[in-house]
Amino acid sequence: MRIIGVYNIKGGVGKTAAAVNLAYLSAREGYRTLIWDLDPQAAATFYLRVKPEVKGGSREMIKRGNELDDHIKGSDFDNLDLLPADFSYRNMDLMLGEAKKPAKQLLRLLRPLSEQYDRIFLDCPPSISLVSENIFRAADGLLIPTIPTTLSLRTYRQLVEFLDGHRVNGVERMPFFSMVDRRKRMHLDMLEQLPGRYPELMKSFIPYASEVERMGIHRAPLSVYAARSVAGDAYERLWAEVKGRL
Amino acid sequence: MITPVSNYQLPTEWSLEACLHALGDAFPLDSDPDQGLVCTYFDTFDWRLYKGGELLRLEQEGRERHLIWSGLDDANPRQSLRNPERLPVFAPDLPPGAMAERLGPLMAMRALLPVVEVKSRMVILRVLDDEEKTVLRIVLEEGQARTPGSASWHPMGLSLRLMPVRGYNEELAEVKRFLRKKMGLRECPEGRLAAALAALGRKPLDYSSKLDFHFSPDQRADAVARQIHLHLLNTIEANIPGVKAATDSEFLHDLRVAVRRTRSALTQIKGVFEAQDLERFKGRLAWVGAVTGPTRDMDVYLLGFDGYQNSLPKAFRKDLEPLREFLIAHQASEQQTLVNRINSPHFRGLLKEWREFLEAPPPQSPGAPKARKKIAKVAGRRIYRVYERVMIEGLMILPNTPAERLHELRKECKKLRYLLEFFQSLYPKKKIKVLVKALKVLLDNLGEFQDYEVQALKLRELAHQMVAEGSVPADTLLAMGMLVDGLLRRQQQAREQFTECFAVFSGREVSDLFETLFPHKPKPDLGELGAGS
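Residues numbered from 1 in each chain as written. Chains lettered and ligands numbered in written order. Predicted model: local features only at pLDDT ≥ 70, side-chain atom pairs only at ≥ 80, totals over all residues. Heavy atoms only, no water.

- Looking at an unreviewed UniProt entry, chain B carries the name CHAD domain-containing protein, with the source organism given as Candidatus Sedimenticola endophacoides.

- By the naming in an unreviewed UniProt entry, chain A is Cobyrinic acid a,c-diamide synthase, taken from Candidatus Sedimenticola endophacoides.

Take a look at the structure:
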C-alpha cells in the first residue's frame with residue numbers, strides 16, 4: 001500500500017482536482033484505490049457524488065480507532081472508493097490533540113486498510129496544522145500543487161522549512177505546477193527557471209483549463225467526460241511520473 | 001466488509017422487457033451500454049477447483065481476453081489476468097503468485113479442461129440516489145451455453161445479478177426486498193456456471209470417482225449388483241476419452257480403479273449372476289487390468305519422480321535425469337500401445353456386451369441362488385466373511401512371515417474396503433466411517449510395504465532395460481541403486497509398523513462394530529462343545 005498526500009498550505013490551487021483525477025487513473029489501471037477526503041469543504045466527496053457525512057464524525061473515528069472500514073463508499077468507478085468528508089473534520093485538530101501520539105493518529109487509522117487497497121490518496125485541508133503533520137507522517141509521497149507565482153513559491157518554502165524543522169523524513173516531496181496559464185509572463189518565467197533550483201519539481205504540470213473546472217458540473221473525473229483533452233493528458237503524464245517516483 | 005453478489009434465476013414468465021419495466025417503475029435507474037460476453041469455464045475433470053470453492057474462466061471480448069479467478073459466486077475476481085500468452089493446463093502453467101499458490105495444490109496432477117462455454121448479452125442497470133450516484137448495479141443476463149467443441153447452443157434463460165456498491169447496503173436491501181416481494185424471485189446461491197450447465201442438462205460435480213450409492217436393505221441383490229456395475233461402467237466410459245488423449249494421468253488411474261472395483265464386485269457379491277455370465281466377463285475384465293498396467297506404472301514413476309530425486313543427496317540428483325528421459329519415452333510408447341488396445345474390437349466389444357447384460361431386465365426366475373435375496377443379508381454376510389479372513393490372515397503374520405502373505409492380506413483388505421464402500425448406505429454412516437478409517441490405516445501400511453518392493457524391483461528391471469537399449473551413464477545406475485536402497489529401507493520400515501497398524505484394525509472398537517453391524521451365523525461355542533463331550 002502506498003499513501004499519497006495531496007497538499008498545499010494555500011487553498012484553491014487545484015488540489016482536489018489532482019487527488020480525484022490521479023486516483024481515478026490509478027483505479028483505472030487496476031490498483032485498488034481509496035481517496036480519503038479530509039477537507040471539511042468536501043470537494044472530492046462532491047465530485048464523486050457521495051453525501052458528505054461520516055457517522056459519529058471525526059471524534060468517534062479517532063476515539064474508536066479501527067472503524068474507517070464502515071464509512072467507505074464505493075464510487076461509480078471500478079476499484080475506486082471514497083472515505084467521505086464530514087463537517088466535523090473542521091475540528092479534527094482538536095480531536096487529534098486529545099489523543100496519544102497526536103501526530104501519528106492517521107497512520108494508525110490507515111494501517112488496517114493496507115490489505116484492501118494498493119493506493120490511498122489523502123485530499124488534505126489547506127493550512128499547516130496537526131492534521132497536516134499527521135498526513136506528512138503517514139504519506140509515502142506528498143504531491144504539492146503549486147501555482148507558478150512568487151507568492152506560491154514562498155508557501156512552498158514555508159512547507160519545506162516545516163518538514164525539515166519537524167524532521168519529517170521518508171516522504172517523497174513532489175511539487176508540481178498547477179493551473180499554469182501560458183498567457184501569463186510570470187508563469188512562463190517560473191516554468192523556465194525553477195526546475196534548476198528545485199530538482200524535486202515534477203516535470204509534468206497541469207494547465208489552467210476550463211474542463212477541469214467543469215468537474216463540478218459533471219461530478220466525475222476529467223478522463224470520464226474529457227478523456228482526450230489537454231488537461232486530461234497532463235494528468236496522465238503527471239500520474240506516470242508520480243508512479244516512477246514512488 | 002465487501003457484500004457478496006446475489007444471483008437470481010428468473011422463471012420463464014419474466015421476459016427481459018417485463019423485468020426492465022418492473023425495475024424502472026420502482027427505482028431511479030440509468031443504464032450502461034449493453035455488454036456481450038463470451039466465456040469458457042475451466043476445471044479439472046473431477047471438479048477440483050469447484051470443490052475447493054474456486055472458479056476459473058476465460059472471458060473474451062474482441063481481441064481482449066481475461067483469465068479470471070473468482071469464488072463460486074462468479075463475481076469479485078480474486079485475480080484477473082489480461083491477455084494471457086497461453087492458457088494454463090497443469091498446475092506449473094498457472095501464473096505465479098496467489099493464483100498458483102491457491103489453485104495449484106487443488107489441481108495437483110490434474111489438467112484443466114474447458115467445461116462449458118457461454119455467450120450472453122448483459123443489460124447493466126444502475127440504481128441512483130438523489131445525488132445521481134450509483135448505489136447498486138443490476139445485471140440482467142440472457143445467455144446460451146454449449147459443450148466446448150460442440151456446435152449447438154442451448155438457451156440458459158434470464159438471470160439477474162445484484163452487484164453491490166460498497167457502503168450502500170440499505171439500498172441493496174431495498175432492491176432485494178422488491179425482488180422478493182413484488183417480483184417473487186428467490187436468491188439462488190449458484191451463479192452463471194450452474195445455469196450454463198443446467199442448460200446442458202448437467203450440474204457441477206457431476207463426475208466423481210468416489211462411490212456414493214443409496215440402497216435400501218430390501219432391494220433385490222441382483223438389481224443392486226447391476227446398479228453398482230452400471231455406475232462403474234459409466235466411470236470407465238467417462239474416462240476413456242481422457243485416457244486416449246493422455247490429458248492427464250488420473251483418467252487412466254480412475255479407469256483402472258473402476259475396473260478393479262468391477263472385478264472385485266463380480267467375485268465378492270456372490271451368487272447374484274449366472275455362473276456362465278460371470279465367466280464370460282471375469283477373464284476379459286482381468287485383461288483390461290493387465291493391458292492398462294504398463295502405462296500406469298510409467299505414470300506412477302513420472303508422478304513421483306521429483307520425490308525420488310529429492311530423496312537423494314543434492315550432488316546425485318542430476319544423475320537421475322537420464323532415467324526421467326527414459327521414462328518419458330517409454331511412457332509414450334506404452335501409451336500408444338494402450339490406445340491401440342482401447343480402440344480394439346475386443347475392448348469395445350467387452351464394454352458393449354457388458355452394458356447390454358447390465359441393462360437387460362433381471363430374469364424373472366433367476367438360476368443364481370442369491371439373485372432374489374435381500375441385499376442387506378447378502379452384503380452383510382459377505383462383508384463379515386471377508387472380515388473374518390482378514391482377521392485370520394492378519395493374526396498369522398509374524399516378523400518372519402514371507403512378504404507374499406502380506407500381499408495376500410492386502411488383497412483381502414481391498415476386497416473388504418470395496419464391499420464397505422459399495423454398501424455403506426445400508427449401515428449407520430458414523431459407524432461405517434470408523435471401520436473404513438481403521439481399514440485405511442492397515443491398507444496404507446500394506447500398500448507401502450508392497451509398493452516400495454515393487455518399485456525397487458521395477459527400478460532394477462529398468463536399469464537392465466536402459467543398459468540393454470544403449471549407453472547409460474554409470475552415475476545414473478549408481479543413483480538408481482541409491483533409490484533402490486532407499487525404497488527397500490522404507491519397505492522395511494513399513495513392515496515394522498505393520499503390527500501397530502493391524503492392532504488398530506483388530507482392536508475392540510472395530511471388532512465389536514463388525515460383529516454387530518453385519519449378520520452372520522454364530523460361531524459354535526467351543527466351551528459348550530467341550531462340556532458335552
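Additional details are given in the paragraphs that follow.
1. Here's the deal with the overall build of chain B
No. 1: The helix and strand tally for chain B stands at 18 helices and 8 strands.
No. 2: Viewed in the frame of its principal axes, chain B has a C-alpha envelope of about 100 × 70 × 50 Å.
No. 3: In chain B, buried positions account for 46% of the 533 residues.
No. 4: Intrachain contacts of chain B at a sequence separation of at least 6 include 71% that bridge at least 24 residues.
No. 5: Each charge class in chain B can be summarised by its mean position, and for the 77 positive and 71 negative side chains these summaries are 6 Å apart. (Helix = DSSP H or I, 4+ residues; strand = E, 2+ residues; numbered from the N terminus. Buried < 20%, exposed > 50% of the residue type's maximum accessible area, 1.4 Å probe, protein only. Contact = heavy atoms within 4.5 Å. Lys, Arg positive; Asp, Glu negative; His and termini not counted. Charge placed at Lys NZ, Arg CZ, Asp CG, Glu CD.)

2. Describing the interface of chain B and chain A
No. 1: Contact residues are listed per partner, giving 13 residues for chain B and 16 residues for chain A.
No. 2: Interface area for chain B against chain A, summed over the two sides, is near 1200 Å², with a carbon-plus-sulfur share of 35%.
No. 3: Our count for the contact surface shared by chain B and chain A stands at 6 salt bridges.
No. 4: As a salt-bridge pair, Asp81 of chain A and Arg166 of chain B come within 3.8 Å of each other at their nearest N and O atoms.
No. 5: A breakdown of the residues in the side of chain B that touches chain A according to their chemical character gives 3 nonpolar, 2 polar and 8 charged. (Buried area = accessible area lost by both parts, 1.4 Å probe. Salt bridge = Lys/Arg side-chain N within 4 Å of Asp/Glu carboxyl O. Nonpolar A, V, L, I, M, F, W, Y, C, P; charged D, E, K, R; others polar.)

3. Comments concerning the packing of helix 6 (residues 221-245) of chain B against helix 7 (residues 249-268) of chain B
All names here are of chain B.
No. 1: Running from N to C, helix 6 and helix 7 point in directions that differ by 155°, and their axes come no closer than 8 Å. What the angle tells us is that helix 6 and helix 7 run roughly antiparallel. Crossing of helix 6 against helix 7: the hand is left-handed. Across the interface between the two elements, His229, Leu232, Thr235, Ile236, Asn239, Ile240, Gly242 and Val243 from helix 6 touch Phe251, Leu252, Asp254, Leu255, Ala258, Val259, Arg261, Thr262, Ala265 and Leu266 from helix 7.
No. 2: Of the residues belonging to the contact of helix 6 with helix 7, the class tally is 11 nonpolar, 5 polar and 2 charged. (Axes fitted to C-alpha atoms, helices over the stretch in contact; angles between N-to-C directions. Parallel < 35°, antiparallel > 145°, perpendicular 65-115°, else oblique. Left-handed = near helix turned anticlockwise from the far one by under 90°.)

4. Looking at the pairing of strand 4 (residues 64-71) of chain B
Residue and element names in this part refer to chain B.
No. 1: Alignment of strand 3 (residues 54-61) against strand 4, held across 8 bridges, turns out to be antiparallel. What sits directly across from Leu58, in strand 4, is Leu67.
No. 2: In sequence, strand 3 turns back onto strand 4 through a hairpin of 2 residues, with Gly62 there showing a positive phi of about 60°.
No. 3: Alignment of strand 4 against strand 5 (residues 79-82), held across 4 bridges, turns out to be antiparallel. Paired with Leu67 across the two strands is Leu81, which belongs to strand 5. (Pairing = 2+ DSSP bridges.)

5. Observations regarding the pattern of salt bridges
As a working rule, side chains carrying opposite charge can pair if their charged atoms are close by.
No. 1: Under the definition given, this model contains 58 salt bridges over all chains.
No. 2: Between Glu132 of chain B and Arg49 of chain A there is a salt bridge, with its nearest N and O atoms 3.9 Å apart. Linking Glu132 of chain B in the loop between strand 6 (113-128) and strand 7 (134-146) with Arg49 of chain A in the loop between helix 2 (43-47) and helix 3 (57-64), this pair reaches from one chain into another.
No. 3: What makes Arg49 of chain A buried here is its relative accessible area of 18%.

6. So, the sheet that holds strand 5 of chain B
Whenever strands of a sheet pair, they do so through backbone hydrogen bonds, lying parallel or antiparallel.
Residues and elements named next belong to chain B.
No. 1: Ordered by their spatial adjacency, 8 strands build an open sheet running 1-8-7-6-2-3-4-5, and the pairing between neighbours is antiparallel. A strand with exactly one partner marks an edge of an open sheet, and here the two such strands are strand 1 (6-9) and strand 5. With strand direction ignored, the average angle separating the axes of adjacent strands in the sheet is 25°.
No. 2: Sheet contacts for helix 4 (residues 169-181): strand 1, strand 7 and strand 8 (154-164); angle to strand 8, the most-contacted strand, approximately 145°.

7. Considerations on helix 8 (residues 275-303) of chain B
No. 1: With 29 residues, helix 8 of chain B should reach 42 Å at 1.5 Å per residue; the first-to-last C-alpha distance of 40 Å fits that figure.
No. 2: The sharpest bend along helix 8 of chain B comes to roughly 40°, located at Gly293 of chain B, with the proline Pro294 of chain B sitting one to four residues further on. (Expected span 1.5 Å × (residues − 1). Bend = angle between axes of the 7 residues up to and from the residue.)

8. Topic: the pairing of strand 3 of chain B
All names here are of chain B.
No. 1: Counting buried positions over the 8 residues of strand 3 gives 6, a clear majority of the element.
No. 2: Across 5 bridges, strand 2 (residues 29-43) lies against strand 3 in antiparallel orientation. Bridging from a neighbouring strand, Cys39 pairs with Glu59 of strand 3.

9. Remarks on the sheet that holds strand 4 (residues 80-83) of chain A
Residue and element names in this part refer to chain A.
No. 1: An order of 3-4-2-5-1-6-7 is seen for the 7 strands of this open sheet, with the pairing classed as mixed. Two strands close off the open sheet at either side, each with one partner strand: strand 3 (73-74) and strand 7 (172-177).
No. 2: Direction of pairing for strand 1 (residues 2-6) relative to strand 5 (residues 119-123): parallel, over a ladder of 5 bridges. By the bridge assignment, Ile3 is partnered in strand 5 with Ile120.
No. 3: The sheet contacts of helix 1 (residues 15-28) involve strand 1, strand 2 (33-37), strand 4, strand 5, strand 6 (141-146) and strand 7, and relative to strand 5 the element is tilted by about 170°.
No. 4: Packing against the sheet, helix 8 (residues 150-165) makes contact with strand 6 and strand 7, and its axis sits at approximately 175° to strand 7.

10. Some remarks on the domain arrangement of chain B
No. 1: You can read the domains of chain B as domain 1 (6-199), domain 2 (211-357) and domain 3 (374-520).
No. 2: Taking only C-alpha atoms into account, the centre of domain 1 of chain B sits 46 Å from that of domain 3 of chain B. (Domains from an automatic or database assignment.)

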